Amino acid sequence: MHTLSPPKKSQLLLLTLLVLFSPLAIDIYLPALPLISEAFHVEHAMSQGTITWFLFAMGIGQLFAGPLADKLGRRTVALAGIGIYGMSALLAWGAQNIEWMLVARMLQGLGACATSVAAFATVRDLFGPERSGRMISYLNGAICFIPALAPILGSWLTQQFGWRSNFSFMAIYALMVFVLLAVSMKETNPQMSKEPVFKINRYLDILKTPSFLFHASLCMLAMAVILAYVTSAPVVLMGQLGLDMNQFTFWFGVNAVLNITASMTAPKCMDKLGTRTTLLIGLVALMVAGVLMLTLASVESAIAFMLPIFISSLGFAWILGAAAGKALAPFGDKAGTAAALLGLFQMSGSGLVIGLVQLSGLEPKAMIAIQMLIVLPWFVALFSKPARAWHQATAQ
């Protein structure tokens, strides 16, 4: 049996650097979205599409990156993903029309998905089924530093050097991390998969596991709330309420600080109260935020919009920390594929949820509130006997 050795601090640093690629690609250029719309002479919805295409590609790409991480190793997939990410950032930097920008962002999503899958599969390798959920919470806390800092950096870069400088920064970050990982990252997969890379049964075995479906869908719904906020915040805060770039960055940063705090406290809560209670608290916070968003929808102020977001961010962090670890817990040699499917749920699945809600034609605040409230059936299900059994599923 493979014995887990204590992870080194350098390994934890590398994991943190790997998971930052995705949020960096989304958050750093948010303040520049209106300028991108102007530069390409398109509606704001088209510039928002640069986020949507990125997330869609990142979700679909998980289906390929996961099995490859099991077959070829976490390190190989991580380095390949970083390379794709950096080159596509340069393509976005040089884009002369919105079509090329969308293609570049789609490629960048494929690169980011590889780094994410490699990171979370490595977590499962290093920490095992029991401790991985706690480590995922800490990584989510690190991820949340990006929404706090990236818009500030992006705002400064945009004002000093233009909106394209955000993408040159992404390329430089990719180059630096590539060199660091090439020198320092060790392979953690204890046994490379000997199955064909894209064997359908590999996915079906995971999708037929009730504990995975239940917890992965919780991650999906929680992520949908955050993505709905991220894509709508520039429209509400800058478009409807008239905030400038610096004011938008301030509110975005405050929310990120709360998210960091919640992500760092989630492991302690799981230790003291258990993952099930942590999930219940997170779901209650999300539903309270939804009711509050509807109640304050007619109030035209930044705090009226952001207060429910603050509460939902606390709920999101606690749900994701508890549910992600439980979704991956039953899988050992399939950790890469399981992490990939979890990423598919979180990215493409949450994008699908957002798209379906957007079909209602409601204004942004109402749509975000719906995203927060649709977790109610999962909250009720947690009190059922089957859900209790799913929550206790252990490693195979």
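Residues numbered from 1 in each chain as written. Predicted model: local features only at pLDDT ≥ 70, side-chain atom pairs only at ≥ 80, totals over all residues. Heavy atoms only, no water.

*Asks:* Account for the overall build of the chain, with residues named and values stated.
*Replies:* Per the secondary structure count, the chain includes 17 helices and zero strands. Taken over 396 residues, the chain has a buried fraction of 59%. The long-range fraction of contacts in the chain, counting pairs at least 24 apart against all pairs at least 6 apart in sequence, stands at 85%. Accessible surface, the chain: about 15900 Å² in total, of which carbon and sulfur atoms supply 71%. (Helix = DSSP H or I, 4+ residues; strand = E, 2+ residues; numbered from the N terminus. Buried < 20%, exposed > 50% of the residue type's maximum accessible area, 1.4 Å probe, protein only. Contact = heavy atoms within 4.5 Å. Areas by Shrake-Rupley, 256 points an atom, 1.4 Å probe, with all protein chains shown as cover.)

*Asks:* Residue-level account of helix H11 (residues 245–273), with values.
*Replies:* Compared with the 42 Å implied by 1.5 Å per residue over 29 residues, the 41 Å span of H11 between its first and last C-alpha is a close match. In the structure, H11 departs most strongly from a straight axis at alanine 266, where the bend amounts to approximately 30 degrees and where the proline proline 267 lies between one and four residues downstream. Capping the start of H11, aspartate 244 holds a side-chain oxygen 3.1 Å from the backbone nitrogen of asparagine 246, two or three residues further along. Positive backbone phi, at 95 degrees, marks glycine 274, one or two positions downstream of H11. (Expected span 1.5 Å × (residues − 1). Bend = angle between axes of the 7 residues up to and from the residue. Polar contact = N/O pair within 3.5 Å; in protein donor to acceptor, adjacent residues only side chain to side chain.)

*Asks:* Describe the side chain of arginine 105, naming the residues involved and giving the relevant values.
*Replies:* Inspection of the secondary structure assignment puts arginine 105 in helix H6 (residues 98–143). Comment: no salt bridge for buried arginine 105; closest opposite-charge side chain is aspartate 27, at 9.0 Å. Here glutamine 108 takes part through its side chain, which lies 2.9 Å from a polar atom of the side chain of arginine 105. (Lys, Arg positive; Asp, Glu negative; His and termini not counted. Salt bridge = Lys/Arg side-chain N within 4 Å of Asp/Glu carboxyl O.)

*Asks:* Mind laying out the environment of isoleucine 226, listing which residues take part and the relevant values?
*Replies:* Structurally, isoleucine 226 is set in helix H10 (residues 210–240). Using a relative accessible area of 14% as the deciding quantity, one classes isoleucine 226 as buried. When the C-alpha atoms of isoleucine 226 and isoleucine 368 are compared, they prove to be 8.9 Å apart, with 142 residues separating the residues in sequence. Dropping the residues within four chain positions of it, isoleucine 226 is found in contact with Asn259, Ser313 and Phe316.

*Asks:* With reference to specific residues and values, describe helix H5 (residues 74–93).
*Replies:* Spanning 20 residues, H5 covers 29 Å between terminal C-alpha atoms, matching the ideal 28 Å at 1.5 Å per step. Inspection of H5 places Arg74, Val77, Ala78, Leu79, Gly81, Ile82, Tyr85, Gly86, Ser88, Ala89 and Ala92 among the buried residues, and these make up the whole buried set.

*Asks:* Quick one: what's the story with the packing of aromatic side chains, residue by residue and with numbers?
*Replies:* The final tally for this structure, using the stated rule, is 13 aromatic pairs. Site record: aromatic cluster; members linked through ring pairs are Tyr29, Phe40, Trp163 and Phe167. The ring of phenylalanine 383 carries arginine 276 above its face, with NZ or CZ at 5.3 Å from the centroid. (Phe/Tyr/Trp six-rings, centres within 6.5 Å; stacked < 30°, edge-to-face > 60°. Lys NZ or Arg CZ within 6 Å of the ring centre and 35° of its normal.)

*Asks:* Requested: an account of the environment of asparagine 166, with residues and values cited.
*Replies:* Position of asparagine 166 relative to the elements: it lies in helix H8 (residues 165–184). Exposure remark for asparagine 166: the relative accessible area of 0% places this residue in the buried category. Residues asparagine 166 and leucine 30, spaced 136 residues apart in sequence, show a C-alpha to C-alpha distance of 9.8 Å. Contact partners of asparagine 166, with chain neighbours within four places excluded, come to Ile28, Tyr29, Ala32, Gly154, Leu157 and Thr158.

*Asks:* Hey, could you go over the packing of H5 against H8 for me, with residue numbers and the actual values?
*Replies:* Here H5 crosses H8 at 160 degrees, and the two axes come no closer than 8 Å. Between H5 and H8, the crossing angle belongs to the class labelled roughly antiparallel. Read as a crossing pair, H5 and H8 show a hand that is left-handed. Touching Arg75, Ala78, Leu79, Ile82, Gly83, Tyr85, Gly86, Ala89, Leu90, Ala92 and Trp93 of H5 are Phe167, Ser168, Met170, Ala171, Ala174, Val177, Phe178, Leu181 and Ala182, all from H8. (Axes fitted to C-alpha atoms, helices over the stretch in contact; angles between N-to-C directions. Parallel < 35°, antiparallel > 145°, perpendicular 65-115°, else oblique. Left-handed = near helix turned anticlockwise from the far one by under 90°.)

*Asks:* Let's hear about the nonpolar core: which residues, and what values?
*Replies:* In globular proteins that are soluble, nonpolar side chains generally tend to be buried together. Judged by nonpolar contacts, the single largest core of 128 residues is most densely connected at Met170, Leu181, Leu237 and Phe305. Counting residues per element, this core draws most heavily on H10, which supplies 20 residues. When residues of this core are sorted by domain, at least three fall in each of domain 1 (11–185) and domain 2 (199–395). (Core = buried A, V, L, I, M, F, W, Y, C linked by side-chain atoms within 4.5 Å. Domains from an automatic or database assignment.)

*Asks:* Mind laying out the confidence of the model for the chain, listing which residues take part and the relevant values?
*Replies:* Scored by pLDDT, the chain has a mean of 82; 87% of the residues are at 70 or more. Across the chain, the element-wise mean pLDDT spans from 72 in helix H17 (residues 385–391) up to 93 in H8. Confidence over residues 1–5 falls short of pLDDT 50; this stretch has six contacts with residues more than four positions distant or in other chains. (pLDDT = per-residue confidence, 0-100.)

*Asks:* Describe in detail unusual backbone geometry, supporting the description with residues and values.
*Replies:* If you check the backbone angles, histidine 41 has positive phi at about 55 degrees while not being a glycine. Considering the arrangement of structural elements, one finds histidine 41 in the loop between helix H3 (33–40) and helix H4 (44–72). When its relative accessible area of 73% is taken as the criterion, histidine 41 is described as exposed.

*Asks:* Tell me about a nonpolar patch on the surface, residues and numbers included.
*Replies:* Among the surface-exposed residues, Leu175, Phe178, Val179 and Val183 lie close enough to one another that they form a single nonpolar patch of about 390 Å² accessible area. Summarising the element assignment, leucine 175 is placed in helix H8. (Patch = residues over 30% accessible without salt bridge, like charges linked within 9 Å, V, L, I, M, F, W, Y side chains within 5 Å.)

*Asks:* Account for the packing of H11 against helix H12 (residues 275–295), with residues named and values stated.
*Replies:* Here H11 crosses H12 at 125 degrees, and the two axes come no closer than 7 Å. Considering the angle they form, H11 stands oblique to H12. Residue-level inspection shows Cys269, Met270 and Leu273 of H11 in contact with H12, the latter providing Thr275, Thr277, Thr278 and Ile281. Looking at the contact of H11 with H12 residue by residue, the class counts come to four nonpolar, three polar and no charged. (Nonpolar A, V, L, I, M, F, W, Y, C, P; charged D, E, K, R; others polar.)

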